[in-house]
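# Summary of the model geometry
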Amino acid sequence: MNELDGLTALLIEPHSGMRANIHSMLSMCGLTRIDHASSANLAVKQLGLKSFDLVLCEYDLEGGQDGQQLLEDLRHHKLISLSTMFFMVTAEGDYGKVVSAAELAPTDYILKPFTADRLLDRIARALERRNVLLPVYRLMEAGAQHEAIEACIEGETVHPRYTVDFLRLRAELHLFLGEAEQAEPIYRRLAESRAIAWARLGLAKTLYLREQYEEAGTLLTELVQSNTNFVDAYDWLARTHSAMGDLEKSQQVLSKAVAVSPHAVRRLRTLGEVAFEAGDNDTAEKVLKQVVQKAKYSEFRDPEDHVKLVRTLVKKGDPVAAASVIRELDRSMGGRQHADACSAISSALLHEYTGNEERLNAALTAAVAASQDIPAMSSDLKLELARSCLDHNMAAGAASIVRDVMRNASDAASMDRAMSVMAQAGQAELGASLAQEARQHVVDLVAGGAERAKSGDYQGAVSLMQEAAQRMPGNPQVAFNAALALLRCLENIGWDDKLGQQALAQMAAVRRLDPRNPKLPALSALHQTVLKKYDKGARAKKAG
């Protein structure tokens, strides 16, 4: 079976006998380069070191994390490429689990028991599709999105059997580039001609991104009514309700989605946060406990989940349970990034409730010290800490935290939230001063980078802006100018693969933080110019 010769595979299966059996099947299919992982954590480590053409993953993994949760982590942290074929292997007939896996877009799922012939048939079909789409994937991964769109248009003609796949990729590329207007007619064409559910969802996304929330909400409501298991549509409908300020409806929609697909940690986390904001502490407690439990065995677990649970328990008046969660945080998260800060903040919430002023002050002091220069910590958590400091006469600590938040503010609303915390504590003047200082700090950084580039010190500009971007990863202005510095350096000094990847990362940050930035098309155009100058897009297409 030479069609699979040379492909690499990772087999994720906890039972040695089953691993040997599937390994034998893969060998019969013609695969010889096969690695094994007996757990999700070992799989993450292997995928962090090398890429694979094929991943076969058992759903019922041991160690606390299932295959669907692993896939969620791999997609979110980009540990598998667009071209990786991911197969979910399960003996379960439970429909809820199948839906949970399907929403995360595995290439396919295979129900056990299965034969080598059946496995080969599934892999061969997936490989044919992958090979047709591979030139587009290569261009996308090289950052040549416009050339990828052109390759999709060409692919529709050359491979008409995969026209729908090419159209879908084209629409997704336009959305990625912030071109909702170009994506809309593609989705509308597919939705009207084929009544494809994901095309109608894509159309709703274009409406949402242009802030046409009423129309998007109507379309999404119709979509979930006609397809009650379409969990992605629930997610976007909930997001639409939140954008319109209706947290109660957002919570209701997310609850329905969780009932259909109960295993996605990020959706559970969102539901817990929305329920807390809506004042439904019982639901928030129930859901956040699930988040902490389900994420417990993930390589990417977040200590902030414990803080949110502690906050909910304290608000419900259950300090004993809150203290238990803090002990679990210290036990299971020791040494992880910003775990110490989260533990101190959680302790402060608990001591504030119990009225232990001495331990509260000690916890707040420790939290402020531990929270300094930790970009990974959310601004919401930092502002909660600042609010507690202000409530207990620790204005200096609050000011240092708010200053950090303001420098990292992603938009005017984030800056307003930080200023509001100061104003509510009677420190409006200090808040305004901190905001002006933060804005000037960013202006000076950007000006410094521009001055270095103007004088021909392109590498110096990159160094300055990259350092700023690491310290302020949530600031879109810093991300934009870091991307610009990298592109100007590549344009004038010569191509460097590492800098090229860093430019892609900073451009992705700009799109995530400020998708409506009017300068994005110009930044994208400069990137395409640099790629063409060094023939990178053509090489990526040729490699595909």
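Scope of this entry: the structure provided in the associated data block. If you're wondering where the values come from, they're calculated on a predicted model, not measured in any experiment. (Residues numbered from 1 in each chain as written. Predicted model: local features only at pLDDT ≥ 70, side-chain atom pairs only at ≥ 80, totals over all residues. Heavy atoms only, no water.)

## Considering the overall build of the protein chain
Looking only at helices and strands, the protein chain has 27 helices and five strands in total. Seen through its C-alpha atoms, the protein chain measures out along the principal axes to roughly 75 × 60 × 45 Å. Counting the 544 residues in the protein chain, one finds 52% classified as buried. When contacts within the protein chain are restricted to residue pairs at least 6 apart in sequence, those whose partners lie at least 24 apart make up 62%. (Helix = DSSP H or I, 4+ residues; strand = E, 2+ residues; numbered from the N terminus. Buried < 20%, exposed > 50% of the residue type's maximum accessible area, 1.4 Å probe, protein only. Contact = heavy atoms within 4.5 Å.)

## Brief notes about helix H9 (residues 197–209)
With 13 residues, H9 extends 19 Å from end C-alpha to end C-alpha; this agrees with the ideal 18 Å at 1.5 Å per step. Along H9, the residues classified as buried are Trp198, Ala199, Leu201, Gly202, Leu203, Ala204, Thr206, Leu207 and Tyr208. Against the buried residues of H9 lie helix H7 (163–176), helix H8 (180–194), helix H10 (213–226) and helix H11 (231–243). Glu211, located one to two residues past H9, shows a positive phi value of around 65°. (Expected span 1.5 Å × (residues − 1).)

## Description of the pattern of salt bridges
Under the defined criterion, the tally for this structure stands at 25 salt bridges. Residue Arg130 is joined to Asp53 by a salt bridge in which the shortest nitrogen-to-oxygen separation is 3.0 Å. Here Asp53 lies in the loop between helix H2 (40–49) and strand E3 (54–58) and Arg130 lies in helix H5 (residues 116–141), a separation of 77 residues in the sequence. In this structure, Arg170 engages Glu156 in a salt bridge whose closest nitrogen and oxygen atoms are separated by 3.0 Å. Of this pair, Arg170 sits in helix H7 while Glu156 is found in helix H6 (residues 145–158), placing the two residues 14 residues apart along the sequence. The two residues Arg170 and Glu156 agree in class, both being buried. Connected via shared salt-bridge partners are Asp282, Glu285, Lys289 and Lys316. (Salt bridge = Lys/Arg side-chain N within 4 Å of Asp/Glu carboxyl O.)

## Overview of the packing of aromatic side chains
Across all of its chains, the model carries three aromatic pairs by this definition. Summarising the aromatic geometry, the rings of Tyr208 and Trp236 are spaced 5.3 Å apart at their centres and angled 85° between planes, so their arrangement reads as edge-to-face. In this pair, Tyr208 sits in helix H9 while Trp236 sits in helix H11, placing the two residues 28 residues apart along the sequence. Residue Tyr208 is classed as buried on the basis of its relative accessible area of 14%. Its relative accessible area of 14% is what places Trp236 among the buried residues. (Phe/Tyr/Trp six-rings, centres within 6.5 Å; stacked < 30°, edge-to-face > 60°.)

## Observations regarding the sheet that holds strand E4 (residues 85–90)
Strands sit in the order E2-E1-E3-E4-E5 across an open sheet of five strands; the sheet is parallel. Each edge of the open sheet carries a strand with a single partner, namely strand E2 (33–37) and strand E5 (108–111). Mean inter-strand twist for the sheet, computed between neighbouring axes without regard to direction, equals 20°. In the sheet, E4 pairs with E5 via four bridges, with the strands oriented parallel. If you follow Phe87 over to E5, its bridge partner there is Asp108. Of the strands in this sheet, strand E1 (8–12), E2 and E3 are in contact with helix H1 (residues 16–29), which crosses E2 at around 165°. With respect to the sheet, H5 is in contact with E3, E4 and E5, its orientation differing from that of E4 by roughly 155°. (Pairing = 2+ DSSP bridges. Axes fitted to C-alpha atoms, helices over the stretch in contact; angles between N-to-C directions.)

## Quick look at empty space enclosed by the protein
Taken as a whole and assessed by the stated rule, the structure comprises two cavities of 30 Å³ or more. Taken as a whole, the second largest cavity encloses approximately 50 Å³ of empty space. Counting only elements with at least two residues in the lining of the second largest cavity, the list comes to helix H14 (281–295), helix H15 (304–316) and helix H16 (319–333). When the residues that make up the lining of the second largest cavity are grouped by side-chain class, the tally is four nonpolar, two polar and five charged. (1 Å grid on protein atoms, 1.4 Å probe; cavity = no way out; pocket = protein on both sides within 12 Å on 5 of 7 lines; lining within 4 Å. Points joined across faces, edges and corners; volume = space filled by probe spheres on them. Nonpolar A, V, L, I, M, F, W, Y, C, P; charged D, E, K, R; others polar.)

## A word on the nonpolar core
Within the largest apolar cluster, 49 residues are counted, with the highest numbers of intra-cluster contacts made by Val310, Ile345, Leu364, Leu385, Cys389, Val402 and Met406. Here this core gets eight residues from one element, more than from any other, and that element is helix H17 (residues 339–354). Non-local contacts of Val402, meaning those with residues more than four positions away in its chain, are made with Leu383, Ala386, Ala418, Met422 and Leu434. In this structure, Ala191, Tyr208, Leu237 and Val274 belong to the second largest nonpolar core, which totals 39 residues. (Core = buried A, V, L, I, M, F, W, Y, C linked by side-chain atoms within 4.5 Å.)

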